[in-house]
Amino acid sequence: MEDKNILLTSLYSSPSEDISTQLNEYEKAAQKASQQIICGDFNAHSTIWGYNMENIRGQKLTEFIAQYQLHILNPTGSPPTFIRNGSRGWPDLTLSDATTFNKIQEWKSTDYDIGSDHLTIHFQIQHRIQVPISQRYKTKFGNFKKFTEQLKTKLSKFNLDNIRTTEALEQHTNLLIQIIQSCCDSTFKRKKTISSKNQHHGGTRTSKPKNLK
C-alpha cells in the first residue's frame, strides 16, 4: 500500500473549553505525519460548513484549517451531523491534507442508530494495491522430497532476528516468497500464469494464497 503513515485522529472539543487547547495538542501529534485525517466533534460554528453565523470557536478552527492547508471533506450543503429535540447543527467535521483529500471517496453522514444524537460519518480511502501474479505449479507427480530439501537448506540461512520494523518485516516476507518460488521453479513444472494488474480499491482487501496443485 502506497498510502503510508496516514495519521487518523479522533478529536473532541468541549464547547465549554478553549478549542485552541485541542488544536495545539493535535499539532504536536501531527508533526511526523505528512498525510492526515481528522475526524472531530469541534462544536464550532461557521458559515463554511453549514451554520448561519460564525462564533469564536469557528473563527479559530477556520484559521487552523487555513494555516495547515487542510481540506474540509463535508460536502457543501451536506445535512446536519447533530439532531436533538428539533435543534440541529454541523459540529462534526472531517479534515485532511491535500494528498489524502484526493483519496477519500463517498463521504456521507447517516442516521444509523448508535445511541447518540450525532449521526455516523462514513468515507472510503482509495488506495492502490499490487495484485500479485498467481504462479501455479504442476505438483501432481510429486518431487516433494527435492522441494523440501532445497527449502530447508535455504531457510537455514533465513535470519528473523533483524525484524524490528514494518519495513524489515515486509522485506523478509518478500524474501520468503522468493525463496519458496525459487524452490518451486527448480523442482516443479509451471502451469499457465495468471497475469497481474494494478487495481484501485476503497477500504482493505486481503488476497488469499492459492494451494499448490
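Residues numbered from 1 in each chain as written. Predicted model: local features only at pLDDT ≥ 70, side-chain atom pairs only at ≥ 80, totals over all residues. Heavy atoms only, no water.

Per an unreviewed UniProt entry, the chain is named Endonuclease/exonuclease/phosphatase domain-containing protein, and its organism is Caerostris extrusa.

Chemist: Where do I start with a positive patch on the surface in this structure?
Modeler: There is a patch of like positive charges on the surface, built from R136, K138, K189 and K191. Here K138 lies in strand β9 (residues 137-138). A relative accessible area of 44% places K138 in the partly exposed class. (Patch = residues over 30% accessible without salt bridge, like charges linked within 9 Å, V, L, I, M, F, W, Y side chains within 5 Å. Areas by Shrake-Rupley, 256 points an atom, 1.4 Å probe, with all protein chains shown as cover. Salt bridge = Lys/Arg side-chain N within 4 Å of Asp/Glu carboxyl O. Lys, Arg positive; Asp, Glu negative; His and termini not counted. Charge placed at Lys NZ, Arg CZ, Asp CG, Glu CD. Helix = DSSP H or I, 4+ residues; strand = E, 2+ residues; numbered from the N terminus. Buried < 20%, exposed > 50% of the residue type's maximum accessible area, 1.4 Å probe, protein only.)

Chemist: What is the right way to look at the pairing of strand β6 (residues 92-96) in this model?
Modeler: Every regular strand shows the same layout, with side chains that alternate between the two sheet faces. With five of its five residues buried, β6 lies for the most part within the structure. Where strand β2 (residues 35-41) meets β6, five bridges bridge the pair, whose relative direction is antiparallel. The residue bridging I38 from the neighbouring strand is L95, located in β6. Pairing geometry for strand β3 (residues 71-72) and β6, over two bridges, is antiparallel. When the sheet's bridge partners are listed, H71 is paired in β6 with S96. (Pairing = 2+ DSSP bridges.)

Chemist: I would appreciate a short explanation of the confidence of the model for the chain in the present structure.
Modeler: The predicted coordinates of low-pLDDT regions are not to be read in fine detail. The predicted model of the chain averages 77 in pLDDT, with 81% of residues at 70 or higher. Every residue in residues 194-213 scores below 50 in pLDDT, and together they form 38 contacts with partners more than four places removed in sequence or on other chains. (pLDDT = per-residue confidence, 0-100. Contact = heavy atoms within 4.5 Å.)

Chemist: Any chance you could explain the nonpolar core here in plain terms?
Modeler: One broad rule of soluble globular proteins: the nonpolar side chains tend to lie buried together. Core analysis: the largest hydrophobic core is formed by 17 residues, its most contacted members being I38, F42, W49, L61, F64 and L95. Of all the elements in the fold, those that place two or more residues in this core are α1 (19-30), α2 (56-67) and β6. Not counting residues within four places of it along the chain, the set of residues in contact with L61 comprises I19, L23, F42, A44, W49 and L93. (Core = buried A, V, L, I, M, F, W, Y, C linked by side-chain atoms within 4.5 Å.)

Chemist: What exactly am I supposed to notice about unusual backbone geometry here?
Modeler: Peptide bonds are mostly trans, and most non-glycine residues show a negative phi. Residue Q69 is not a glycine yet carries a positive backbone phi of 55°. Position of Q69 relative to the elements: it lies in the loop between α2 and β3. Backbone geometry at E106 places phi at a positive 55°, although glycine is not the residue there. Since its relative accessible area comes to 53%, E106 is described here as exposed.

Chemist: What's the story with the sheet that holds β3 in this structure? I'm lost.
Modeler: The pairing of strands in a sheet happens through backbone hydrogen bonds and is either parallel or antiparallel. Spatially, β1-β2-β6-β3 is the arrangement adopted by the four strands of the open sheet, whose pairing is mixed. The sheet is open, and its two edges are formed by β1 (6-12) and β3, each paired on a single side. This element, α1, spans β1 and β2 of the sheet and lies at about 165° to β1. (Axes fitted to C-alpha atoms, helices over the stretch in contact; angles between N-to-C directions.)

Chemist: Is there a simple way to think about the packing of aromatic side chains in this case?
Modeler: Aromatic ring pairs: the centre-centre distance and the angle between the two ring planes describe each pair. According to the stated counting rule, one finds five aromatic pairs in the structure shown. Pairwise contacts between aromatic rings join Y26, F64 and Y68 into one cluster. (Phe/Tyr/Trp six-rings, centres within 6.5 Å; stacked < 30°, edge-to-face > 60°.)

Chemist: How do you make sense of a nonpolar patch on the surface when you look at a structure like this?
Modeler: Together, L155, L176 and I180 make up an exposed nonpolar region whose accessible area comes to about 190 Å². Its place among the elements puts I180 in helix α5 (residues 166-187).

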